[in-house]
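The chain contents come next:
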Amino acid sequence: LIPFVSLYIIWWRREDLAAAPKAVSRVGLALVVTALLFHWLGAKAQQTRFSLFALVLLLWAIPFYFYGWRVARILAFPCAYLIFCIPLNFLDSLTFPLRIFATVMSTTLLNGLGIAAERSGSAIYSMAAGGFSFDVADPCSGIKSLLAMTALTAVYAYFTQDTWWKKWLLFFSSIPLAIVGNIARITTVAVVAEAFGEKLALGLYHDYSGYVVFSVAIALMIALGALFKLNFTEVRERWKSTLLSPSS
């Protein structure tokens with residue numbers, strides 16, 4: 001879906017692209033050469049990922065060369081968004097720390113909810129006789145949902161926020177939001193196991209519990225985005241006027 005999102009953004013900004021001043025840019029030419037050089041290095045080193053990054057850079061550098069910075073500035077986000085198409089396998093090293101953190105937090109939440117549980121490594125055990133026990137395996141670390149949420153939040157921030165710092169702040173917020181969503185998923189699996197049995201929890205519910213991650217994370221993303229759009233000065237003045245009004 002990533003390329004289609006990029007194409008839609010370009011179509012959405014078509015009037016801005018048509019109105020932007022255009023001129024040949026030597027900087028753009030230098031970036032075209034740089035992208036081709038990166039591709040050559042990737043091919044020589046047999047590192048496909050280098051070539052893929054070079055392709056993304058080249059797709060941005062060519063219009064930069066022919067039409068100048070104003071056009072390139074508009075195309076910067078839809079071109080950079082294509083990076084999410086590239087497999088970021090180096091992030092797999094975060095899998096184990098994410099598993100441990102999610103397990104620790106889920107165990108704490110379960111005990112807070114009155115469900116006695118303990119953790120051993122990445123496994124959660126019920127302290128009740130005949131209770132549940134399950135291991136938070138690599139697929140449940142949340143790394144895939146984290147990548148999906150960063151891609152989704154990037155688009156949401158681009159369309160909803162009016163300043164660059166708000167866009168970046170909301171984008172980086174996607175990381176803790178995805179982690180919170182995954183913790184909610186693991187916790188609810190344990191709650192279902194406690195209430196209805198381990199078979200249902202680790203079977204049917206586990207298979208569809210990915211929706212819990214995105215439901216929680218997307219709800220928090222929308223709430224955070226709405227918070228960033230608030231004019232706090234206006235809200236404060238409205239609150240003060242409400243407190244000082246005769247009816248109060």
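Residues numbered from 1 in each chain as written. Predicted model: local features only at pLDDT ≥ 70, side-chain atom pairs only at ≥ 80, totals over all residues. Heavy atoms only, no water.

**Points about the overall build of the protein chain**
For the record, the criterion: Numbered from the N terminus, helices here are DSSP runs of H or I no shorter than four residues, and strands are runs of E no shorter than two. In this setup the radius of gyration rests on C-alpha atoms only. A globule is expected at 2.2 Å times the number of residues raised to 0.38. The contact rule is simple, with two residues in contact once any of their heavy atoms fall within 4.5 Å. For the accessible areas, the method is Shrake-Rupley and the probe is 1.4 Å, while residue cover comes only from the protein chains on display.
The helix and strand tally for the protein chain stands at 11 helices and three strands. Taken against the 2.2 N^0.38 rule, which gives 18 Å for 248 residues, the C-alpha radius of gyration of the protein chain at 24 Å runs more than 25% over that of a compact globule. Here the analysis covers contacts within the protein chain between residues at least 6 apart in sequence; of these, 67% occur between residues at least 24 apart. Of the accessible surface of the protein chain, which amounts to about 15000 Å², a share of 69% is contributed by carbon and sulfur atoms.

**Examining the environment of proline 21**
Here proline 21 lies in the loop between α2 (14–19) and α3 (26–44). C-alpha separation for the pair proline 21 and tyrosine 67, spaced 46 residues apart in sequence, amounts to 7.9 Å.

**Examining the pairing of strand β2 (residues 123–126)**
Our working rule: When DSSP finds two or more bridges between two strands, those strands count as paired.
Note: strand β1 (residues 117–120) against β2, four bridges, orientation antiparallel. Of the residues in β2, the one forming a bridge with serine 120 is alanine 123. Linkage of β1 to β2, two consecutive antiparallel strands, is achieved through a turn of two residues, within which glycine 121 is found at a positive phi near 65 degrees.

**Observations regarding the pattern of salt bridges**
Spelled out, the test is: A pairing counts as a salt bridge when a side-chain nitrogen of Lys or Arg comes within 4 Å of a carboxyl oxygen of Asp or Glu. Burial classes: relative accessible area under 20% of the type maximum marks a residue as buried, over 50% as exposed, and values in between as partly exposed (1.4 Å probe, protein chains only).
Inspection of the entire model under this criterion finds three salt bridges. Between arginine 13 and aspartate 16 there is a salt bridge whose closest N-O contact spans 2.7 Å. Of the residues examined, aspartate 16 reaches a relative accessible area of 38% and is grouped as partly exposed. Of the charged contacts, one joins aspartate 135 and arginine 99 as a salt bridge, the two residues approaching to 3.7 Å between their closest N and O atoms. Linking aspartate 135 in strand β3 (residues 133–135) with arginine 99 in helix α6 (residues 95–112), this pair joins segments that are 36 residues apart in sequence. The class of arginine 99 is buried, set by a relative accessible area of 12%.

**Quick look at helix α5 (residues 69–80)**
What counts is decided by this rule: Helix span, expected: 1.5 Å multiplied by one less than the number of residues in the helix. Taking the helix axis as origin, the arc is that swept by the directions to the C-beta atoms.
Compared with the 16 Å implied by 1.5 Å per residue over 12 residues, the 15 Å span of α5 between its first and last C-alpha is a close match. Among the residues of α5, those classed as buried are Val71, Ala72, Ile74, Leu75, Pro78 and Cys79. The arc that holds the buried residues of α5, viewed along the axis, is 165 degrees, so those residues lie on one side. For α5, the secondary structure elements touched by its buried residues are α1 (2–12), α2 and α4 (48–67).

**Quick look at the nonpolar core**
Stated precisely, the cut-off is as follows: Among the buried residues, those of types Ala, Val, Leu, Ile, Met, Phe, Trp, Tyr and Cys that are joined through side-chain atoms within 4.5 Å form a nonpolar core.
Counting 15 residues, the largest nonpolar core has Leu110, Ile124, Phe132, Phe134 and Ile186 as the members making the most contacts within it. Among the secondary structure elements, those contributing two or more residues to this core are α6 and α8 (164–196). With six residues, α8 is the single largest residue contributor to this core. In contact with isoleucine 124, not counting residues within four places along its chain, are Thr103, Ser106, Thr107, Leu110, Ala117, Glu118, Phe132, Ser133, Phe134 and Ile186.

**Remarks on the sheet that holds β2**
The condition is simple: Interaxial angles span 0 to 180 degrees and are taken between N-to-C directions of axes, which are lines fitted to C-alpha atoms, for helices over the stretch in contact.
The three strands are arranged β1-β2-β3 in an open sheet whose pairing can be described as antiparallel. With one partner strand each, in any of the chains shown, β1 and β3 form the two edges of the open sheet. Each strand of the sheet is rotated relative to its neighbour by a mean of 20 degrees, with strand direction disregarded. As defined by bridge partners, β2 adjoins β3 across three bridges and the pair is classed as antiparallel. When the bridges of β3 are listed, alanine 123 appears paired with aspartate 135. Against the sheet, α6 engages β1, β2 and β3, with an angle of about 165 degrees to β1.

**Some words on α1**
Those residues of α1 not exposed but buried are Ile2, Ser6 and Ile9. All buried residues of α1 lie within an arc of 60 degrees about the axis, which places them on one face of the element. Within α1, the exposed residues directed more than 90 degrees away from the buried face are Phe4 and Leu7.

**Remarks on the packing of aromatic side chains**
For clarity, the cut-off: Two aromatic rings from Phe, Tyr or Trp, using only the six-membered ring of Trp, form a pair when their centres are within 6.5 Å; if the ring planes differ by under 30 degrees the pair is stacked, by over 60 it is edge-to-face, and anything between is tilted.
The tally for this structure, following the rule as stated, stands at 16 aromatic pairs. A ring pair is formed by phenylalanine 38 and phenylalanine 50, whose centres lie 6.5 Å apart and whose planes are at 50 degrees; its orientation type is tilted. With phenylalanine 38 in helix α3 and phenylalanine 50 in helix α4, this pair connects stretches of sequence that are 12 residues apart. Seen from their ring centres, tryptophan 168 and phenylalanine 171 are 6.0 Å apart, and the 85 degrees between their planes marks the pair as edge-to-face. With tryptophan 168 and phenylalanine 171 both in helix α8, this residue pair falls three residues apart, about one helical turn. Members of the aromatic cluster, connected to one another through ring pairs, are Tyr8, Trp11, Trp12, Phe77, Tyr81, Phe84, Tyr158 and Phe159.

**A short note on unusual backbone geometry**
If you check the backbone angles, glutamine 46 has positive phi at about 55 degrees while not being a glycine. With relative accessibility at 70%, the residue glutamine 46 sits in the exposed group.

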